[in-house]
Amino acid sequence: MSEQAANATLVERRDVTDALAYFFVAPDRAPFASFEPGQFTNLGLEVFDRSVGERRFVRRAYSPGSAPTQRERLEFYVRRVQGGRLTEALFELRPGARLWLDPAVYGRFTLEPVPADRDVVFVASGTGVAPYVSMLRSYAGRKRWRRAVLVESVREERELGYRAELEALAARDPSFVWLPTVTRAPEASTWAGSRVRIPALLEPDAFARRTGVALDPRTTHVLLCGNPSMLADVSARLGELGFAPHSRRAPGQVHTERYW
Ligand SMILES: Cc1cc2nc3c(=O)[nH]c(=O)nc-3n(C[C@H](O)[C@H](O)[C@H](O)COP(=O)(O)OP(=O)(O)OC[C@H]3O[C@@H](n4cnc5c(N)ncnc54)[C@H](O)[C@@H]3O)c2cc1C
Ligand SMILES: NC(=O)c1ccc[n+]([C@@H]2O[C@H](COP(=O)([O-])OP(=O)(O)OC[C@H]3O[C@@H](n4cnc5c(N)ncnc54)[C@H](OP(=O)(O)O)[C@@H]3O)[C@@H](O)[C@H]2O)c1
């Protein structure tokens, strides 16, 4: 690789659809850096750039779904973006392929600003579920929150990432509720759950009945991750409910990670 030498191996991939897969990446220098669940790193590859007619190194940010205790092999949940420079090349890779894994970690999208006596609502669109899986794998059953709800929005039912694991966790942990919504399920499909976009799920009385969590900024923090228009629409809805965005200068209850 011209700018960054390959320093990791794709050891396994599990395809969910032709455009959605779990990639398992082992760094040559293990263990990988210690990190907080919710932080991100970068994957890189040298790819052919048609616009300049040569190969160029491309790197993009990804949030591990694996817990920081698993630093021999990181797990990433990735959407192939049509025409996307890195992801089109990443989806060509087969186990054994070499790639670049940034040895550093970045970001403040963690539970650090959330006190342990609050309820937490994790909101994800698409592959935005990954950082929450890292958090759940790290903290579930450890009293890191009072109650936690994961609202996961996808277009099609088969795109519900980590479904079996989340269903199993919800079945055994009374402090966790998984609330999936499938927005483009065909009318005739067997999907029996929610079909509405996330803002429509955030009606306080119905939400509290369903999850046991009050959509009240005095008791609850909300994390948002994924599509920028989802972030904007859900933030606006939370603003109507009295929630404020969090920053280090002005602490609030809404924490966001924008994927693009
Ligand atoms: C902090 C952070 C963490 C991230 N973690 C993940 C992750 O865990 N999994 C993951 O799949 N992606 C994640 N992303 C997005 C990722 O970094 C890339 O942007 C994405 O994979 C597309 O890269 P590309 O080179 O293929 O597309 P590019 O050629 O860079 O992008 C083409 C265009 O596609 C759009 N786009 C980018 N991502 C998406 C998307 N997912 N869906 C629809 N349109 C998109 C944008 O408008 C972009 O300009 C994360 C981004 C950030 C900032
Ligand atoms: N078969 C295909 O060709 C196919 C399939 C999937 C994705 N894609 C492409 O892949 C890209 C990523 O798709 P994705 O499904 O991973 O991510 P996505 O477009 O972000 O959709 C994921 C979930 O977020 C919801 N959402 C989007 N905007 C929202 C908003 N403003 N407010 C609330 N909810 C919102 C979607 O609902 P809605 O369904 O209501 O938008 C969906 O439930 C897209 O650009 C898409 O074109 C292609």
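Residues numbered from 1 in each chain as written. Chains lettered and ligands numbered in written order. Predicted model: local features only at pLDDT ≥ 70, side-chain atom pairs only at ≥ 80, totals over all residues. Heavy atoms only, no water.

Q: How should I be thinking about the site of ligand 2 in this particular structure?
A: Taken together, 16 residues lie near ligand 2, and Ser153, Thr183, Arg184, Arg197 and Ser229 sit nearest. In this structure, Arg79 approaches ligand 2 through a side-chain N or O atom, which is 2.9 Å from an oxygen atom. Note that a nitrogen atom of ligand 2 is positioned 2.9 Å from one of the side-chain N or O atoms of Asp233. Alone, ligand 2 offers 880 Å² of accessible surface; in the complex the protein occludes 72% of this. Residue assignment for the shell around ligand 2 shows that the elements contributing at least two residues are β8 (148–154) and α6 (228–240). Residue composition of the shell around ligand 2, grouped by class: four nonpolar, six polar and six charged. (Near = heavy atom within 4 Å. Polar contact = N/O pair within 3.5 Å; in protein donor to acceptor, adjacent residues only side chain to side chain. Areas by Shrake-Rupley, 256 points an atom, 1.4 Å probe, with all protein chains shown as cover. Helix = DSSP H or I, 4+ residues; strand = E, 2+ residues; numbered from the N terminus. Nonpolar A, V, L, I, M, F, W, Y, C, P; charged D, E, K, R; others polar.)

Q: Would you mind going over the sheet that holds strand β10 (residues 220–226) with me for this structure?
A: By definition, the strands of a sheet pair up through backbone hydrogen bonds, in either a parallel or an antiparallel sense. Ordered in space as β9-β8-β7-β10-β11, the five strands form an open sheet in which the pairing is parallel. Whereas interior strands pair on both sides, the edge strands pair on one side only; in this sheet they are β9 (176–182) and β11 (254–258). Across the sheet, the mean angle from the axis of one strand to that of its neighbour is 10°, orientation sign disregarded. With five bridges connecting them, β10 and β11 associate as parallel partners. (Pairing = 2+ DSSP bridges. Axes fitted to C-alpha atoms, helices over the stretch in contact; angles between N-to-C directions.)

Q: Sorry, what's going on with the site of ligand 1 here?
A: Near ligand 1 lie 18 residues; those nearest to it are Arg60, Ala61, Tyr62, Leu86 and Thr87. Between an oxygen atom of ligand 1 and a side-chain N or O atom of Arg60, the distance comes to 2.7 Å. A distance of 3.0 Å separates an oxygen atom of ligand 1 from a polar backbone atom of Arg79. Taken by itself ligand 1 offers 900 Å² of open surface, and the protein chains cover 75% of this.

Q: I keep staring at the pattern of salt bridges and nothing clicks. Help me out?
A: Two side chains with opposite charge may pair up if their charged atoms get near one another. All told, the structure shown has 19 salt bridges when counted by the stated rule. Salt-bridge contacts for Arg73 lead to Glu12; the nearest nitrogen and oxygen are separated by 3.0 Å. Pair noted here: Arg73 is in the loop between β4 (54–62) and β5 (74–79) and Glu12 is in strand β1 (residues 8–17), with a separation of 61 residues, a long-range link. Put simply, Arg79 and Glu159 hold a salt bridge, and the shortest N to O gap is 3.1 Å. Here Arg79, found in strand β5, pairs with Glu159, found in the loop between β8 and α3 (163–172); they are 80 residues apart in sequence, far enough to count as distant. One salt-bridge network, held together by shared partners, links Glu12, Arg14 and Arg73. (Salt bridge = Lys/Arg side-chain N within 4 Å of Asp/Glu carboxyl O.)

These figures capture arrangement, not role.
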